[in-house]
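# A look at the structure
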Amino acid sequence: MYLLLAFLSLIPRAPCLGELKAFVVAHSHMDVGWVYTVQESMHAYAANVYTSVVEELMKGKQRKFIAVEQEFFRLWWDTVATDIHKQQVHQLLQEGRLEFIIGGQVMHDEAVTHINDQILQLTEGHGFLYETFGMRPRFSWHVDPFGASATTPTLFALAGFNAHLISRIDYDLKDDMQKTKKLQFVWRGSPSLSENHEIFTHVMDQYSYCTPSQIPFSNRSGFYWNGIAVFPDPPKDGVYPNMSSMVANIKKRAAWFRTDDVLWPWGCDKQFFNASVQYSNMDPLLDYINKHADQFGVTVQYSTVSDYFQALYNRNLTWDIQNFQDFLPYSTEPFQAWSGFYTSRSVLKGIARRASSLLCAGESFFTQYVQKYPAGSVCKFWALQQLRSLRWAVSEVQHHDGITGTESPKVKDMYMNHLMDGIVNVKKLMASIILDTDNPPSLRNVEQYIIVYNPLAWNITTFVVVAMSYSAVSVYDELGHPVPAQIQGSAESPFTYDLYILVTLSGLSYQRYSVKLSADNESAFIARSVKYGRKVIKHADRQSRRLIPVLNDCYTVMLDQNTNLMHSITDRKTNQTVEVTQEFLEYHVNGDVRKGPISDNYLFTPNGSAVEESKAVGLEVVSGNLVREIRQYFYRNTTAQDYMYVAYSRIYSVPGGYDDKLLCHRIEQEYRVGPLELNREAIFRTSTNLNTKQTLHTDNNGYQMQKRPYKVFVNNSVARNYYPMVQTAYIEDDRMRLILLAERSHGVSSQGNGQVEVMLHRRLWNNLEWDLNYNLTLNDTSVVRPMFWLILGTKSAADVLYQSSALALEHRPVVMYGELTERLPPPLLRDPVTLPANLHLQTLSIPGWTYSSNHTEQLQNIYKGIRKQEDADFRRVLLRIRHMYEVGEDPVLSQPATVNLKSLLKGLGTVELVEERSLTGTWDINTLERWKWKSAQHISKGGWETRFCFLFSSPKLLIGRCWYFCWMLQLKKQSH
């Protein structure tokens, strides 16, 4: 310690430099997963962080600390913290020395997460914090997600945040921003919401959140006196590492920003598990610097994030505007493009999204049950527990080393187990509700039945698929009327059949269908299959093409019999034809660091262009009166026994009288990929004759679209032009647009004019020591089965279709099976909930929160110790509605829409009280005031932004473009 102080005393005070003020923010970056499971981390260090930090903060009034991810804190609070610790936490929060930042369950990834799940995990954390402490986070600390989405600033603004902090953006861009002092700006993330939901944003400099180190994210010993966390058991004592110059580092960083206020993060991954050693060493260091402030030109103080942003806000400066462009993809070096994780662990990505969709269905199903059937036999507390298990699992996997696929295999297994347990729990809940509302007196005269629930708040017509062991069947609705259906041999098994049932469902309601053995004229149509010989792609005669048409009322798909590949698609409404060819290719990547750059969980570094590994294609066309399916089998050569890939493409037709708008206007495509050979990355490329100028459009988190013109780099252009596709990607020219919709996240790119390629699967191994030590080599031997919907049409037609189609894919009907008597269910969960065509009911749930909506009353209750967590409030309903269209996207659908809540929810009971809340539900809109930062396009004096949603005094509400509205409803129970 004396050697350090002697070294500092030799640092000369910088001439002509104003006194710098360093805000030292103590933190521990605690990954909810990544290398170690949550349980391992709690044992090795995470529990000790909160125990020792709380105890040490109480020993020094000057000490402060920020807590970020809520999962570890909640586990500590519920299983480790003593009553004394809990009292101390309340005191530290009141004194402003412990501060919760972000407040979500995790620090979510920004590239491959869906906005629904971002809101969920943020709501889970915010609800706990407000219920327990009466506090609501106002600032973000998004220091580790791999790139920054333009959705995030809008999300945090809607949650009531005053400022946003990010770190990982492209290395060359960050370097330019440092040189020009452009690391701070006002970010208008949404083109439709613009300044209404802008937020001040701070980009961390090259040292990021670990401070200090000579090279970012390396040599992590400096200023971490407690050493490095040791697994599986925590270390006995802290260590005293070598320390670099704090003052010199502060001055270096100050040169990159406009003010003399310097944010100096103190901490890194898994730090402060021995906070006593940390603070007892930092205390005298800060004290020494402050006593010699005249000499050094620097003062330092323990701070929270709010301390720093408050000082910055008080300066009342005018800041540049960053419009709705994002910071993706992210690269750390020319050959380190972090675009591989967009696809890594595709199975996990698919399960996480299906779990999210099921959770949404389960929430609305349970909410309707509670309100319509208050005397039901399903225990409501048990039911809420089932929902909470899936809320926790879906929130947890949104972590930036979770759904990204960048975790170790054992952590992936942890996420999967938590998700599958939650899925089983919610399915049990929904089945219990069905049995309770139907309540058959006996099980005589049983038959097989199918319950189909529509989780969307609009009427749908679609197909559900049921596996059968016999082909002669009939399908009937609840009134005994025959239902259109088609049965065909399964592509996956020669012993089963796929039964396609045409279902029509009102919003948020279910129907029951009976399936009976039958051989009469009411039987399901039996489809016919035609197989074509295997064809070699390269030897195809392009001059004498023989084309096979497969068509419905909207599209004609032409197949080239010379190659067994797709040839073209014609939009029958406009008679416009687009040449379309689709094929699987693979990128080869290096696994030996001695031979060059490598790919891993995070990075995508191909050796060159994608290679066509399959040389021959087999074709089968299955035709029926409702479904036509194209089955393409891709082989390594003409004699190979096993295929490498499969593509199933389906188009649908419906009888007259049914609404076929969405069903007809899509080509449903399902692929089977894997296991791959080692160090291969599989893509599916769609090539067209559209003149796209190599420009791609992709979505940010299923919320808004980004334009992606192809960029040429000196090195690694292929990987640096890959972008995340969470839900939507499209290419277009002046006449037509081709859209791909996905049910899980992928990497997507346009590597040529008229092309769009989607990365489907990755299997990698390398000998990089860091990857080997943490088991992060992604030797993924799984088989993946992603699904896409392809839509082709004019721009105006596509604008109308793609938003509602994306939601229809995301929230497909939930199908439940069983045996039941002939008696029909009573009219429960049957009152439809229907919104206008441009609105989406995102959330209809019973959170179970027990906090008071009146903030003063909530604080008083906490102060008095009045908290009854076990008494969940089942009359309180959380409702979120989102406008789906951007300004100017469609002349009709982009217009504001009016909703009458009383009419909308009449089936649930009488609405007694409506409260308009912030996005996560913890703020009354009337009381929420956000800082208004001065910007180059808004020069008026900074003040308060008093509201960001319209408030109406009646239940009739006007919802503007792309706005999120969040209400808490109190409903009067119905009597039965």
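Residues numbered from 1 in each chain as written. Predicted model: local features only at pLDDT ≥ 70, side-chain atom pairs only at ≥ 80, totals over all residues. Heavy atoms only, no water.

What follows concerns the packing of aromatic side chains. All told, the structure shown has 62 aromatic pairs when counted by the stated rule. Each ring, one from Phe 146 and one from Tyr 602, has its centre 5.5 Å from the other, and the planes form 80°; the classification is edge-to-face. Remark: Tyr 602 occurs in the loop between β23 (576–588) and β24 (616–623) and Phe 146 occurs in the loop between α5 (115–133) and α6 (151–158); sequence separation between them is 456 residues. For Phe 146, a relative accessible area of 2% puts it in the buried group. With a relative accessible area of 5%, Tyr 602 lands in the buried category. The interplanar angle of 70° and the centroid separation of 6.1 Å between the aromatic rings of Phe 185 and Trp 187 together place this pair among those described as edge-to-face. A single burial state applies to Phe 185 and to Trp 187, both of which are buried. (Phe/Tyr/Trp six-rings, centres within 6.5 Å; stacked < 30°, edge-to-face > 60°. Helix = DSSP H or I, 4+ residues; strand = E, 2+ residues; numbered from the N terminus. Buried < 20%, exposed > 50% of the residue type's maximum accessible area, 1.4 Å probe, protein only.)

The subject of this paragraph is the nonpolar core. Grouped together as the largest cluster of nonpolar side chains are 126 residues, with contacts concentrated most on Trp 76, Phe 133 and Phe 366. Setting aside chain neighbours within four positions, we find Trp 76 in contact with Met 42, Ala 47, Tyr 50, Thr 51, Val 54, Ala 81, His 85 and Val 89. The next biggest cluster of nonpolar side chains, apart from the first, holds 60 residues, and it includes Val 557, Tyr 645, Ile 667 and Leu 801. (Core = buried A, V, L, I, M, F, W, Y, C linked by side-chain atoms within 4.5 Å. Contact = heavy atoms within 4.5 Å.)

Glancing now at empty space enclosed by the protein. Tallied over the entire structure, the rule returns nine cavities of 30 Å³ or more. If you add up the space inside the largest cavity, you get close to 350 Å³. As for the largest cavity, its lining consists of 25 residues, and the residues nearest its centre are Leu 120, Leu 359, Glu 363, Thr 843 and Arg 880. Those elements that place two or more of their residues in the lining of the largest cavity are α5, α12 (346–372), α13 (380–397), β38 (839–845) and β39 (876–883). Of the residues in the lining of the largest cavity, the class split is 12 nonpolar, eight polar and five charged. (1 Å grid on protein atoms, 1.4 Å probe; cavity = no way out; pocket = protein on both sides within 12 Å on 5 of 7 lines; lining within 4 Å. Points joined across faces, edges and corners; volume = space filled by probe spheres on them. Nonpolar A, V, L, I, M, F, W, Y, C, P; charged D, E, K, R; others polar.)

Before going further, it helps to spend a moment on the side chain of Asn 590. Relative to the helices and strands, Asn 590 resides in the loop between β23 and β24. Given a relative accessible area of 12%, Asn 590 falls into the buried group. At 2.9 Å, the side chain of Asn 590 forms a polar contact with the backbone oxygen of Gly 596. Only 3.2 Å separates the side chain of Asn 590 from the backbone oxygen of Pro 597, close enough to count as a polar contact. The contacts of Asn 590, once residues within four sequence positions are left out, are Lys 595, Gly 596, Pro 597, Ile 598, Ser 599, Asn 607 and Asn 679. (Polar contact = N/O pair within 3.5 Å; in protein donor to acceptor, adjacent residues only side chain to side chain.)

Attention shifts here to the pattern of salt bridges. Under the defined criterion, the tally for this structure stands at 44 salt bridges. Where Lys 61 meets Glu 95, a salt bridge forms, and the shortest distance between an N and an O atom there is 3.1 Å. Here Glu 95 lies in helix α4 (residues 83–95) and Lys 61 lies in the loop between α2 (38–57) and β2 (65–67), a separation of 34 residues in the sequence. Glu 95 gets classed as partly exposed once you look at its relative accessible area, which sits at 35%. (Salt bridge = Lys/Arg side-chain N within 4 Å of Asp/Glu carboxyl O.)

A few words on the environment of Tyr 288. You can see Tyr 288 is positioned in helix α9 (residues 275–291). For Tyr 288, a relative accessible area of 17% corresponds to the buried category. In this structure the C-alpha to C-alpha distance between Tyr 288 and Thr 299, which are 11 residues apart in sequence, comes to 9.9 Å.

Our next topic: the confidence of the model for the protein. Overall, the predicted model of the protein reaches an average pLDDT of 89, with 88% of residues at or above 70. Long-range and interchain partners of residues 440–446, a stretch whose pLDDT sits below 50, account for 14 contacts in this model, where long-range means more than four residues apart. Taken as a whole, residues 939–956 scores under 50 in pLDDT and shows 57 contacts with residues more than four places along the chain or in a different chain. (pLDDT = per-residue confidence, 0-100.)

This next bit is on the state of the cysteines. With the rule as written, the count across this model stands at two disulfides. Paired by a disulfide, Cys 554 and Cys 664 hold their sulfur atoms 2.0 Å apart. Between Cys 554 and Cys 664, the S-S dihedral sits near 125°, and the bridge is therefore right-handed. Taken together, the residues Cys 554 in the loop between β20 (547–551) and β21 (555–560) and Cys 664 in helix α15 (residues 661–664) connect sequence positions 110 residues apart. For Cys 554, a relative accessible area of 7% puts it in the buried group. Note on Cys 664: relative accessible area 3%, which makes it buried. Sequence-ordered numbering of the bonded cysteines in the protein gives a disulfide pattern of 1-2, 3-4. (Disulfide = S-S within 2.5 Å.)

Glycine aside, a negative phi is what most residues show, and trans is what most peptide bonds show. Here the residue pair Leu 328 and Pro 329 is connected by a cis peptide bond, since its omega of -5° sits within 30 degrees of zero. Secondary-structure assignment places Pro 329 in the loop between β9 (321–322) and β10 (331–333). Going from Gly 674 to Pro 675, the amide bond is cis rather than trans, its omega being -5°. As for its position among the elements, Pro 675 is in the loop between β27 (667–673) and β28 (680–688).

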